[in-house]
Structures are given as C-alpha cells and as structure tokens.
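Next come the chains, spelled out residue by residue.
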Amino acid sequence: MDDLDLNSSRRGAENVVRRCLGVATNERVVVLHWQAAPLARWLMDAIAAAGARGESVSADAVPEGSAMQVERWVEDALGDAPASILIAKHGLPPSLSMAVLAVARKRRVRHLHLTRADAKLFAQSYRAEPERIAEINTRVRDALEGSRQLRARAPGGTDITVTLDRAYPILTSDGRPSPGKPDNLPAGHAFFHPASVSGTFAPDRGLIGALRIGRDRAPSARIRFELEGGRVRAVHCDDAELRAEIDEYLASHANAGRVGIIGLPTNYLARAESGLEVQDALLPGASVGLGYSFEAETRAPFACPVQLRLLARRMDVDAGARALVRAGRLVDDLVTGIDPFR
C-alpha cells in the first residue's frame, strides 16, 4: 500500500472511531478481531488518538462450543466496556458474529460490526461521514413517505414495483450505533418491509447471503426471480447447478421466498464496482432481500432465519414521480450540499 492509500486508510479508521462510534475521552473500547490483527491496529491507533482506552482482543482462537459458551466468551472479553468494535476478514464463524451482537444488545454496548473487512474499505466507504449519510437517508425517507410506491428498473431485465404501507416504518442506518443497537460498516441505507412487490428481478450484480454468487458468474447465469404479492412465484436460470442451489434455498424455510426487506443504499462514497462485496452491495439502487425480515424493527408479519439478497447493476429507481437513482448513481438533488465530490 502506497503512502497516499495508507494515509487515507488511517483517516478512515479515525472516522470509524470518532464520528461513527463516537468514543469519549478515557472511554474503554474493546476491539475484537478475527484474522484481522493489522486492521485492528489502525483502529487501536485511532482510539488512542481520540484519548480513549483501547483494548485489543484476538478472537482467532474462540473455543468451539454451544451458542451459550461462545456468548460467555464474548461477555468476558467485553467486560463492562461501553463501546466495542468487531473487525473480521471473510469467513467469520456465524456463531461468533451472532454472539457479539447478542451480547452488545443485552449489555447495551455501542457496537460496530465490521465483517468481510479489507484495507481498501478504510480508504473508501469507511470514510463516509455518518452525518452526511444521515442527511441523504432523510431525503430518501421523505421521498418514500410522500409516494408510498417505488419502481426499480435495470438494463439486465429488472423491473419491479414496490408498495409501501405505513404499518411498516422506513428505517435507516448511518453507521452510528447507540447503546444496545449495533450498526454495521460500511453503512448507509434506508430499508423497510414492503406491503407488496411484483415484477421481475434479474440479479446481474450477484446474490449475497445463503448463496454467494459474484459479479463474474451472475450475468452469464441469466437469473430471473418472478415476484408477485411479495413472494417468489418462479425462478429462471441458465445455470442448472445454480438453479438447484436457489431451489434448495427456497425450500429451506416456509418464508425463504418471501420478500423481507427492500434496501436503498445511501453511502455517497460507494461509486463504482470494486470487487469488495460489502461495499459493492452499497452501490445505488434497490436490493430485494428474501427471507430475513428483521421483524423486531421493520414490524414485518413474519420471521425467517435465512436470507438471500438480490443485487442488480445500473438501476433506475423512482419514488412515485421523484427520481432517486439514475444508471446506478444517486441523483443530484439527493446529494446536493452533502456529497463533497459533486
């Protein structure tokens, strides 16, 4: 990494610690790291520069055991710290990820979850200021609340109509956790449970969740999800092996084929495909999340333990008569006065 990237990455770590986590002078902050010790050191340096007391804890050797045993390990690691960060490379054991979130909620810790982390993220989307993201979120939410209908189209074949219901709130994430309410980085999206979704979604950017199909394989597979009334009614796919995997996912739970969440990314620094999955998932557009509904917050009428997110390229998104995204870019009036690069 050259000096410019290194300086940008360190500024990204400072943004994570100061603006996102909001650490206070002399506050104890625990940094749990899984196969990401070098990245954790950037965070520790930023914590020290903020005048707080950082404690680095390796999770590489968390003992195998029941969910309760893993949670107990996390409880011991966090102690009475009011703030924490988990940073992990690709492959983080789900049991550890869920245990950290569970303990943070139970103990009302301000917690940031940085999974599938990469050094490049510190120089890119981790640098997005949460205050700027929050303003974009407000503009998107106002547009959605004013129309209660969303249409998303893309050159790859996506054309869906989404209806919103006031019974299901429009929620946002800007990367600033509060006690007992963790957040993830990179951040920036508005999301909600839809009243209905109909049309075709062609995920030519890929699938994330129970299946991970990247941008290299997705276009040639020509995947099509036919949606009606918020459910998958049919799937078309030229890749027989992938089609079998999708069918297996849909059969894994009674609600696996229901649309749980519609997401609208708002991270103004996510601009072009980078090959970093967690950042590319924040490129402007509309994602369809099948299965998992985050029912405690979205008030969705069903729960589901599995998830499959559908992502498309170069989308146009409209809330009623108002344009939100054109050709995969947030429209100017959403970011005027906010995005320093416009």
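This structure is a prediction, so every number in the text was calculated from the model and none was measured.

Visitor: Help me out: how do you make sense of the nonpolar core in this one?
Guide: Nonpolar side chains tend to gather and get buried jointly when the protein is soluble and globular. Counting residues in hydrophobic clusters, the biggest one holds 53 residues, and the most contacted among them are Leu 144, Leu 150, Leu 207, Phe 225, Leu 290 and Val 317. In terms of residue count, helix 6 (residues 130–147) provides more of this core than any other element does, five residues in total. The contact partners of Val 317, leaving out residues within four places of it in the chain, are Leu 150, Arg 151, Ala 152, Leu 264, Gly 285, Ala 286, Arg 322, Ala 323, Leu 324, Val 325 and Arg 326. Membership of the second largest hydrophobic core comes to 31 residues, among which are Ala 13, Leu 114, Leu 185 and Ala 187.

Visitor: What exactly am I supposed to notice about the packing of aromatic side chains here?
Guide: When we look at a pair of aromatic rings, we describe it by the centre distance and by the angle of the planes. For the structure on display, the rule yields four aromatic pairs. Aromatic side chains Phe 122 and Tyr 126 sit 4.8 Å apart centroid to centroid with 80 degrees between the ring planes, which places their arrangement in the edge-to-face category. Here the aromatic rings of Tyr 292 and Phe 294 are separated by 6.2 Å at their centres, their planes lie at 25 degrees, and the arrangement is stacked. Taking relative accessible area as the criterion, Tyr 292 reaches 33% and is therefore assigned partly exposed. A residue is classified by how much of its surface remains accessible, and Phe 294, at 25% relative accessible area, is partly exposed. Members of the aromatic cluster, joined through ring pairs, are Trp 42, Phe 122 and Tyr 126.

Conventions and cut-offs
- Residues numbered from 1 in each chain as written.
- Predicted model: local features only at pLDDT ≥ 70, side-chain atom pairs only at ≥ 80, totals over all residues.
- Heavy atoms only, no water.
- Core = buried A, V, L, I, M, F, W, Y, C linked by side-chain atoms within 4.5 Å.
- Buried < 20%, exposed > 50% of the residue type's maximum accessible area, 1.4 Å probe, protein only.
- Helix = DSSP H or I, 4+ residues; strand = E, 2+ residues; numbered from the N terminus.
- Contact = heavy atoms within 4.5 Å.
- Phe/Tyr/Trp six-rings, centres within 6.5 Å; stacked < 30°, edge-to-face > 60°.

Everything listed here is a matter of coordinates, which is why it stays silent on function.
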